[in-house]
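Understanding the architecture of this molecule
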2 protein chains.
Amino acid sequence: MPNPTAAILIIGDEILSGRTREGNAYYLAGELTRVGIDLAEVRIVADVQDQIVDAIRTLSAKYDTLFTSGGIGPTHDDITADAVGAAFGVGVDVRADAHALLARHYAARDAEFTPARMRMARIPDGARLIDNPVSVAPGFAIGNVYVMAGVPSVFQAMVASVLPGLVAGAPVHSHSLKVMQPESEVAEPLGALAARYPALSFGSYPFEVTQGYGVNLVLRGPQGEELAQAWRDMRDTFPGGE
Amino acid sequence: MPNPTAAILIIGDEILSGRTREGNAYYLAGELTRVGIDLAEVRIVADVQDQIVDAIRTLSAKYDTLFTSGGIGPTHDDITADAVGAAFGVGVDVRADAHALLARHYAARDAEFTPARMRMARIPDGARLIDNPVSVAPGFAIGNVYVMAGVPSVFQAMVASVLPGLVAGAPVHSHSLKVMQPESEVAEPLGALAARYPALSFGSYPFEVTQGYGVNLVLRGPQGEELAQAWRDMRDTFPGGE
C-alpha cells in the first residue's frame, strides 16, 4: 500500500521578499518522512485571499492531508482563517473556547485583551482547535486541512500535537554512502542498481569540498530483507564509499 | 506600473524528503527583490513528469517569468528537459552546441564523455542555452521559462547570467576568461575592475583541476562600447588568462 500523501501551503510575504528563509516546510518534511507520510508538494503564496483559497482547494483535494503555515497572528493582514472559511464555504467568527483560552492567558499576565488579540480567536465554523503550548493562540483543523502558525517554535509544537493522530503508513528507513567521485561517474552504476530494486528509492546528492567532488548516495525503503540486500549491493558497487 | 512578477518551480525529491533544506528560492527571492521583480509564488514538486508539466504550464501562464531549479543533471531521474519539452509541445534531443561544450570540457580533463554525461546536452527544440561557468553543462530558456541547475553554486551563476536581460529587456552578452590563479589572488584586481564599471556584472567561479586551482571570470552586460572596453580592461588586468 502506498504511503499517505501530504502538502504544505506557506502563507507569507516575508518569505517571497527574501527577508526570511523558510524553514517550516523543511522541518515538516523531516517529521513526515519519519512517520511514513510522503510530502508531495510545497507551495508558498503571498497574503492574497484568492490565491490562498485556490491553493487550499486544490491541495486539499489532491493530497490526503494539507498543512498550512502562517497568516494566523493578530495583524490585519493575517487572513488565513477567512481564506479557509471561504475554501470550505463556512462562516468565521470569534469562538467561545478559543476566546476563553486567550482571555485567561492575557489575564494571567495583566495584559489587555485587545481587539487585535481577539482576532486570534476567530475560527471557521466546525473546525477543531489545535493546541499551542508555546503562545496559547490555537491553530485549527477542518476537514483534512491543518492550519498552523508561522513562528517556527509554535509551528513545531503544533506539528507535534497533530502528527500522532494522523494515520501513518510504514516508516521509511534510509542508508547513506559517501563516495568521493563526481556525480556523472556514479550515475550509470547507480541507475543499474536502481533498476534491480524498483520498489526502493535511490537518490544521489552531489557536493564539493576542497579535496574535490563527491556524492552522497541515499537508499530509502521500508525495513526488511529487500532493503538489507540492496544496501549490501550498493556497498559492493561503490567499494570506496563510507 | 506594477513590478513584473515571477515564480520558481523547484524539482527535487531530496527537498520533499527533508534531507536537504531548500535555499535556491531564498537566494532568488533576494536577487529579484533587489532588481524590482516580485516573486509571487514558489512550488516544490517531486521528480514526477506529470506534476512538473502541470506546474510549468500553470506558472508560466500566470506570471511574467518562471524559473526552475533542479532535475537537469546526468542521472536517470533527471527529467526536467523532457517535462519542459512536453509542456511546450516540442521535441528534446542532444543538441550540437551543448554537446560540443561538454565534449570539449571532458576532453580537456582526459575524462570519458559517457552516455550519462551526454544526457546533459539534451535540450528542448528552440531553447536558448544558459551559460554555466561553474560546471559547463548548460541550462536553457524557452518562452518565459528559465531552466537552471539545482546545485546552489551553479544555480547562482545561472541567475547572474539571466537577470540582467530580464531587467534591461535587452539580451545580455558575456565574456569569460579562464585564469590559473586561486580565487583569493584575483579578488582584489577583479573588485577594482568592477568598481570602474558599475553598470556591468562581474562574477568569479573557482575550479580545481589536476594542474592546480583556477577561476573563470565572467563579465556580463548589454552589448555595446562599455562592455567592449571592460572586456579589454579585464584581459589587460589578467594577461595570463585565456
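Residues numbered from 1 in each chain as written. Chains lettered and ligands numbered in written order. Predicted model: local features only at pLDDT ≥ 70, side-chain atom pairs only at ≥ 80, totals over all residues. Heavy atoms only, no water.

1. Considerations on the interface of chain A and chain B
Listed as interface residues are 42 residues of chain A and, on the opposing side, 37 residues of chain B. Across the chain A to chain B interface the summed buried area is about 3,100 Å²; carbon plus sulfur atoms make up 50%. On the chain A side of the interface with chain B, the three residues burying the most area are L16, R21 and Y26 of chain A, jointly 20% of the side's total. Counting across the chain A and chain B interface gives one salt bridge. At the surface where chain A touches chain B, the tally comes to nine residue pairs in polar contact (both at pLDDT 80 or more). For the side of chain A that touches chain B, the secondary-structure elements that each account for two or more residues are α1 (13–16), α2 (24–35), β2 (38–45), α3 (49–62), α8 (183–196), β10 (201–209) and β11 (212–222) of chain A. Class assignment of the residues belonging to the side of chain A that touches chain B gives a composition of 18 nonpolar, 14 polar and ten charged. As paired strands, β2 of chain A and strand β2 (residues 38–45) of chain B are joined by five bridges and run antiparallel to one another. Within β2 of chain B, the residue paired with E41 of chain A across the bridge is V45 of chain B. (Contact = heavy atoms within 4.5 Å. Buried area = accessible area lost by both parts, 1.4 Å probe. Salt bridge = Lys/Arg side-chain N within 4 Å of Asp/Glu carboxyl O. Polar contact = N/O pair within 3.5 Å; in protein donor to acceptor, adjacent residues only side chain to side chain. Helix = DSSP H or I, 4+ residues; strand = E, 2+ residues; numbered from the N terminus. Nonpolar A, V, L, I, M, F, W, Y, C, P; charged D, E, K, R; others polar. Pairing = 2+ DSSP bridges.)

2. Focus on the domain arrangement of chain A
You can read the domains of chain A as domain 1 (5–165) and domain 2 (172–237). Averaged C-alpha coordinates put domain 1 of chain A and domain 2 of chain A at centres separated by 37 Å. (Domains from an automatic or database assignment.)

3. So, the layout of surface pockets
Residues and elements named next belong to chain A. The computed volume of the second largest pocket comes to approximately 530 Å³. Considering the residues around the second largest pocket, the lining is formed by 31 residues, among which G70, G71, A149, G150 and V151 are closest to the centre. Mapped onto the lining of the second largest pocket, the elements with two or more residues apiece are β1 (5–11), α1 and α7 (152–162). Looking at the lining of the second largest pocket, the element that brings in the most residues is α1, giving three residues. Of the residues assigned to the lining of the second largest pocket, the class counts are eleven nonpolar, twelve polar and eight charged. (1 Å grid on protein atoms, 1.4 Å probe; cavity = no way out; pocket = protein on both sides within 12 Å on 5 of 7 lines; lining within 4 Å. Points joined across faces, edges and corners; volume = space filled by probe spheres on them.)

4. Observations concerning the pairing of strand β11 (residues 212–222) of chain B
All names here are of chain B. In terms of burial, β11 is a largely internal element, eight of the eleven residues being buried. Note that strand β10 (residues 201–209) and β11 share nine bridges and pair antiparallel. Directly across from S204, in β11, lies its bridge partner L217. Hairpin connection from β10 to β11: two residues lie between these consecutive antiparallel strands. (Buried < 20%, exposed > 50% of the residue type's maximum accessible area, 1.4 Å probe, protein only.)

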